[in-house]
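So you can see what is in the structure, the chains are spelled out below.
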Amino acid sequence: MFEHALSVMIFLPILTGLVMLLFPLSKGTARITGFVVTVAILFRGIEIFLGFTGTGGMEYVESHSWIQSLGISYGLGIDGISLLVLMAGTVLFPMVFTIFKTQSKGYYANLLIAQGAMIGTICATDLVLFYIFWEVMLLPIFFMIGLYGGPKRIPATLKITIYTIAGSLLMLAALVYVAVSYHTQFGKWTFDIVQLSELNLGSGFAVWAFLMFMIAFAIKIPLFPFHTWLPDAYTEAPTSTTFVLSAIMAKIGVYGVIRFVVPVFEIEFARFAVLLSLAGVTGMIYCGLAAISQKDMKRMLAFSSASHMGIIALGVFCMNVQALTGTLFQIAAHATSTGVLFLFVGLMEERMQTRKIEDLGGIAYRAPIFATFFAIAMLASVGLPGTSGFIGEFLIILGAIKFNAFIGILAGTTLIIGVCYMLWMFQRVFFEKSNERTEEFQDLNVSEALTFLPVIVLILAMGIFPQTFIKKIEPAARQQIVKVFTIPQAQVADTTVPTLGHNNHKK
Amino acid sequence: MEHTATYIGLIPLFPLVGALVLGLMHMLTCTKNPFPEKLYGILACVGPLLSFFLALVVYYHLKGLPAEERFLSHNAFTWFAVGDLQVNMGFLADPLSSLMLLFVTFIGSLIHIYSIGYMAGDKNFGKFFAYLNLFLGSMLILVLGSGPVVMFVGWEGVGLCSYLLISFYSEDTDNVLAGNKAFIVNRIGDLGFVLGMSFLFWAIGTHGFDYLSLKANAHNLTPGIGIAVCLLLFIGACGKSAQIPLYVWLPDAMAGPTPVSALIHAATMVTAGVYMVARFSFLYAHFPLAGSIVAWVGILTALLAAFFGMFQKDIKKILAYSTVSQLGYMFAAVGIAAYSAGIFHVFTHAFFKALLFLGAGSVIYALHHQQDIWKMGGLKDKMPKTYGTMLIGALALSGAPLFSGFFSKDEILFSALASGHTGIWIIGVLVAGMTAYYTFRMIFLVFHGEPRDKEIYDHAKDAPPVMTIPLIILAVGAAFAGVLNLPGIFGGSLNISHWLAPSLVEHHPHVSIWIEILAIVTSIAAFAAGITIAYRKFGHGAEEPEYTGFAKFGYNKFYVDEIYNAVFVQPYKAVGSVISKFLEPNVTDIHVKLCTWLYQKAGKAFKVFQVGYIRVYAIYMVIGLSLMSLFLSQSLK
Amino acid sequence: MIQDYLILSVILFCLGILGVITRRNVFTVFMSIELMLNAANLAFLAFSRLHESMDGHVLVMMVMAVAAAEAALALAVVILLHKHKGKLDTNVFSLLRG
């Protein structure tokens, strides 16, 4: 059982989900089944976290040959880069099943399948396996938004599905190119990421392959200007789907860049780093500004989430250990803050049938526990020290300053932009006068409070004792950076100007 | 050099635990049946008093050590360590922080006690004290932090509490807006702080990112980076300590309960910027250019705020502008490298300004939340204790000879003169006169003359002892705190300056006694002039004037708020709506729109081939097969 | 020798194509298709003879069987079409026009 911990975590929810779809269950049974499965996964996840030694290498490795003629294997493993992403994917799921009680059986089944596929994407060490899970991940999302979403769900579903699939296909093409290049260079087929990273891509096409990979991940993250599917999808999706999208799926995009793009395309990556980091910062500012004028709370949070993703992505492009560690930490921190804010909004919508900011007000007087929890998550999302949000943001800004002072200063403005829209929203929703609608607002009941309490405690614990987490991820980040910096400096030096197709590492 | 002392970690912990306990109690019971106020009050005062006790222990512990070994430190745990960056959750008690500790915990405790009376009957009594405890804990982290990052925790923590307490009466939109303004303006400063820290780290922080290591490596700084770091950190200080151009939040912050204004917006939090500059004296002393910028910003703020203070009619706003103005003095002091003079003024200011605010709070309490000085008058008979204590505070603030403010302000002005900053000295003397004028304008209008509103006057009476006793204690401090740093000319030996010496990098210039006398005489003259004018105009009752011309300009605070609103806030919102209404649907999405457009056009183009007749499809098939056969036969050859 | 058979087969096949393309009556189109099948059968047989193997015969049998089955199905469809529209003109059935 222990050597297959990851396989269990992947296939237990997927199989349960499929079985649930086949059998006629009531929604209560489906919810409880889902809850039990996700809690089991949660315990496995905690066990993995505690057992993780953090030496920088892969742990919990599983590897079986799958399609031998092409060197495709069933390879799973966890290292410092994927650890916290995996945690985000396991720890937060059970909450969805305890809070939202009114969804149908099919919805819960899809949630389980989504979780399994996401864990698969996070654990895969083989590019083909990664790609398969990556696509499978989209299927339940498609059904969850398309079947259970809001009134304008159909266009939103089509947009997210076609958009992300278009990106994925580019990635598939680039993936084949990488494998073929490896075959011509080493004379054998493999899709294993560790071996592929030894590849020395020589031809001018490498830039295109890099861009194809980057576009696929940029759409998923989403990086400016590929974020346009996000506001609609996040707004129209059922809240728990939005939560899954923002807390986990977006992070897998960032994770994909770190895991698959950086090791293979070091030189191209270094060449485009300035451009990409500008995209990250621009997205942060742009979406942050857009957030302030939103009237729908969920849409505002969607923009806020996109804004934070810009900063998180920036950490990857800065190519130093502080920024990268900051990103890896922020991946989990952001899931606990903005992800949880989405859940709170979902709760409010369930109780008051509205998400319009102007319809609300004075909730803090009726529901002190709810308001306190919301405030803590909100403060984490604006990066207040003592909460989980600060450490990552600080490290990313610190790293960005080292990378490029100008970008660092722009990145710093996230401190201001985030507070502006969050505080204004908090004022209009929780303070001021209450109205008939909010007079009736029920505070969190015991079971809800107990559901949220662990996450709130986690937010504070991650802010006060971040070293528990950082010491497990930092060695892996450092190894990654060392690898990027071992590229002959001359190769990078005259290539930092990003000119398309300009080929300057001919042998 | 350094000694470890585990117990200093407890100093911030007590109020924080208090905040947690009070907060939980309030959160869980406030909608049903809350605990009695007495319980909250007692629990709230335990933490601050314990901290005060420990601060005394720290003081005596330090005192027992030789001067250059007065550093107590405690590393609680590694907060985070990434690459070269090692940040410990560490605390450092040296002479500078121990002085801050003493008066923060002392005044903090007094204000907690006072608040029990002031807040009585408020339905959010528990919440108030939870926030107040949280504030005190954060402030103590700020003071005790062993490095800039830990200081930043407290720095943002006090900002949060300030926000929460300003918008405490949150049903009123204006109060919440004032809170938002405070938080956002502070965040602008914090951006400077974070950027300054980052540059500092990459310049000299890789060998340890705490004050002592930074101090040891400070000589490696290049002037360019050094000045940039100093100025960025000063932006942070501007935000927290309300200096030009970020002072606008402090007058609005008076929307909070009065004890909050006394504790946070007068005595402690707003002086954090001064403390920070003094903490980084090893940087600022190296780069006099950065120091002069600090000093000039400070003294100009002092002038501007004193000018605004002369026209205000809200008693708390007068005191708020006075605070901004006094903070300007402190920055002028630390800017010209007279750190101990600046910190000494922080110390005395804490006493007399807290006293004035609490006095004003008593007045407001007695008058049922009337804050307009043009509605008061003649209260000195009704509220003798308040009058007496506030008079002492006012004398100290305006620098009456032998009161605490006199010594500290004189020290600053003397340092400016002695170090050759004549411009700063002249403005400083002018501001001293203005201070005396607006302070006594307030005193005369509130306590002297005839009552302007009879009904309010009749109901006024002195506050209960729980409120007046702290006033009296503070009044004693405001009157005599100056004794602690008597200069040589008055037979003292600058005790505080000597005490602070190990923490600071400063040089005391040796100048002739005549310069010292000149400084003293001019500041006494300025005080006398200010108070005389105030007495002439307001001593025998006066009616609210209609301001015209330049005075009206000053009464409206040069329209700075309106200008900021027009230049920053409105454009910000406008950009937001342009993005979400125009850019987002029409421009940013252009690549997606282009793809769908191409797709549709291509579909339309290929549509002509789909005629629907089977035989046409058959022709296509034949053509296709023929071409394929042709191709195959060609390639087989 | 073999060329003659193949030429005949090609001629038959082309006639079939011509029929499919030019005629509008469903039955005629159908018969033209049968003609093409038989052209293919003829080519099979010719090659089978040439290579002296029975593989071609087997395929021819197969084609004939399938053609018979297809005829049965196609006639049924044609009857339905006639019922539906009352005509057997292929131009009437052009619902797939783009």
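**Q** If you had to explain the overall build of chain B to someone new, which residues and values would you point to?
**A** Helix and strand counts for chain B come out as 26 helices and 3 strands. Taken along the three principal axes of its C-alpha coordinates, chain B extends 115 × 65 × 55 Å. If you take every contact in chain B between residues at least 6 apart in sequence, the share linking residues at least 24 apart comes to 82%.

**Q** How would you sum up the overall build of chain A? Please name residues and give values.
**A** When helices and strands are tallied, chain A shows 23 helices and 2 strands. Radius of gyration (C-alpha) of chain A: 22 Å, near the 23 Å computed for a compact globule of 507 residues. C-alpha atoms of chain A, sized along the principal axes, occupy 75 × 55 × 45 Å. When burial is assessed residue by residue, chain A has 60% of its 507 residues classed as buried. Taking contacts inside chain A between residues at least 6 apart in sequence as the whole, the part at least 24 apart equals 81%.

**Q** Any details on the interface of chain B and chain A? Residues and values, ideally.
**A** At the interface, 43 residues of chain B touch 47 residues of chain A. Only β2 (71-82), α5 (148-166), α6 (173-204) and α24 (560-588) of chain B provide two or more residues apiece to the side of chain B that touches chain A. The element that contributes the greatest number of residues to the side of chain B that touches chain A is α6 of chain B, accounting for 15 residues.

**Q** Describe the nonpolar core, naming the residues involved and giving the relevant values.
**A** Core analysis: the biggest nonpolar cluster contains 432 residues, and L84 and A88 of chain A together with A332, A354 and A478 of chain B have the highest contact counts within it. Counting residues per element, this core draws most heavily on helix α15 (residues 339-366) of chain B, which supplies 18 residues. Excluding residues that lie within four positions of it along the chain, A88 of chain A makes contacts with A247, I248, K251, I331, A332 and A335 of chain A. Residues V20, V26, V29 and F30 of chain C belong to the second largest nonpolar core, which totals 5 residues.

**Q** Can you tell me about the interface of chain B and chain C, naming the residues and giving the values?
**A** Every contact between the two is made by 10 residues of chain B and, on the other side, 10 residues of chain C. Residue contributions to the side of chain B that touches chain C peak at 5 residues, all from helix α26 (residues 614-636) of chain B. By residue class, the composition of the side of chain B that touches chain C is 6 nonpolar, 2 polar and 2 charged.

**Q** Give me the lowdown on the domain arrangement of chain B, citing residues and values where you can.
**A** In many analyses, interface size is given as the accessible surface area lost on bringing the parts together. According to the domain assignment, chain B contains domain 1 (558-582) and domain 2 (589-636). Its C-alpha centre places domain 1 of chain B at a distance of 54 Å from the equivalent point of domain 2 of chain B.

**Q** Give a description of helix α3 (residues 80-91) of chain A that names residues and reports values.
**A** Taking 1.5 Å as the rise per residue, α3 of chain A with 12 residues should run 16 Å; its terminal C-alpha atoms sit 17 Å apart, in good agreement. Summarising burial for α3 of chain A: 12 of the 12 residues are buried, a large majority.

**Q** Help me get a handle on the arrangement of the chains, residues and values and all.
**A** Of all 2 pairs of chains that touch, the greatest number of contacts is found between chains A and B. The two partners chain A and chain C share no contact, and the minimum distance between any of their C-alpha atoms is 23 Å.

**Q** Help me get a handle on the packing of helix α14 (residues 315-335) of chain B against α15 of chain B, residues and values and all.
**A** A pair of packed helices can be characterised by two numbers: the angle between their axes and the separation between those axes. Residues and elements named next belong to chain B. Interaxial distance between α14 and α15 falls to 9 Å at its minimum, and their mutual angle equals 175°. With respect to each other, α14 and α15 are oriented roughly antiparallel. Seen from α14, the contacting residues are I315, K316, L319, T323, Q326, Y329, M330, A333 and V334; seen from α15, they are Y339, A341, G342, H345, V346, H349, K353, L356, F357, A360 and V363. When its residues are assigned to classes, the contact of α14 with α15 shows 13 nonpolar, 5 polar and 2 charged.

**Q** Could you give an account of the sheet that holds strand β1 (residues 2-4) of chain B, naming the residues involved and the relevant values?
**A** Residue and element names in this part refer to chain B. Taken in spatial order, the 3 strands make up an open sheet running β1-β2-β3, and their pairing is mixed. Bordering the open sheet on either side are β1 and β3 (85-93), each of which pairs with just one other strand. Each strand of the sheet is rotated relative to its neighbour by a mean of 50°, with strand direction disregarded. Where β2 lies against β3, 9 bridges are found, and the strand directions are antiparallel.

**Q** Kindly report on the confidence of the model for chain B, identifying the contributing residues and their values.
**A** Mean pLDDT over chain B stands at 88; residues scoring 70 or higher make up 100%. ipTM for the predicted complex: 0.91, alongside a pTM of 0.89.

**Q** A description of the confidence of the model for chain A should follow, citing residues and the corresponding values.
**A** In this model, chain A carries an average pLDDT of 87, and 94% of its residues clear a pLDDT of 70 or more. Of the regions scoring below 50 in pLDDT, residues 493-507 of chain A engages in 19 contacts with residues more than four places distant in sequence or in other chains.

**Q** Give me the lowdown on unusual backbone geometry, citing residues and values where you can.
**A** Of the consecutive residues F224 of chain A and P225 of chain A, the connecting peptide bond is found in the cis state with omega at 0°. You can see P225 of chain A is positioned in the loop between α9 (205-220) and α10 (230-236). Cis geometry is found at the peptide bond from I244 of chain B to P245 of chain B, where omega equals 0°. Residue placement: P245 of chain B occurs in the loop between α8 (223-240) and α9 (249-252). Residues other than glycine seldom take positive phi values, yet H368 of chain B does so here, at roughly 55°. Locating H368 of chain B in the fold gives a position in the loop between α15 and α16 (384-397). Among the residues examined, H368 of chain B registers 9 C-beta atoms within 10 Å and is labelled exposed.

**Q** Pulling in residues and values, what's your account of the pairing of strand β1 (residues 59-67) of chain A?
**A** All names here are of chain A. The sheet contact formed by β1 and strand β2 (residues 72-78) spans 6 bridges and is antiparallel. Each residue of the ladder has a partner; that of E62, found in β2, is L76. With antiparallel pairing between neighbouring strands as the criterion, β1 and β2 make up a hairpin whose turn holds 4 residues, including G71 at a positive phi of roughly 70°.

Calculation criteria
- Residues numbered from 1 in each chain as written.
- Chains lettered and ligands numbered in written order.
- Predicted model: local features only at pLDDT ≥ 70, side-chain atom pairs only at ≥ 80, totals over all residues.
- Helix = DSSP H or I, 4+ residues; strand = E, 2+ residues; numbered from the N terminus.
- Contact = placed C-beta atoms within 7 Å.
- Rg over C-alpha atoms; globule rule 2.2 N^0.38 Å.
- Buried ≥ 20, exposed ≤ 12 C-beta atoms within 10 Å, placed from the backbone.
- Core = buried A, V, L, I, M, F, W, Y, C linked by C-beta atoms within 7 Å.
- Nonpolar A, V, L, I, M, F, W, Y, C, P; charged D, E, K, R; others polar.
- Domains from an automatic or database assignment.
- Expected span 1.5 Å × (residues − 1).
- Axes fitted to C-alpha atoms, helices over the stretch in contact; angles between N-to-C directions.
- Parallel < 35°, antiparallel > 145°, perpendicular 65-115°, else oblique.
- Pairing = 2+ DSSP bridges.
- pLDDT = per-residue confidence, 0-100.

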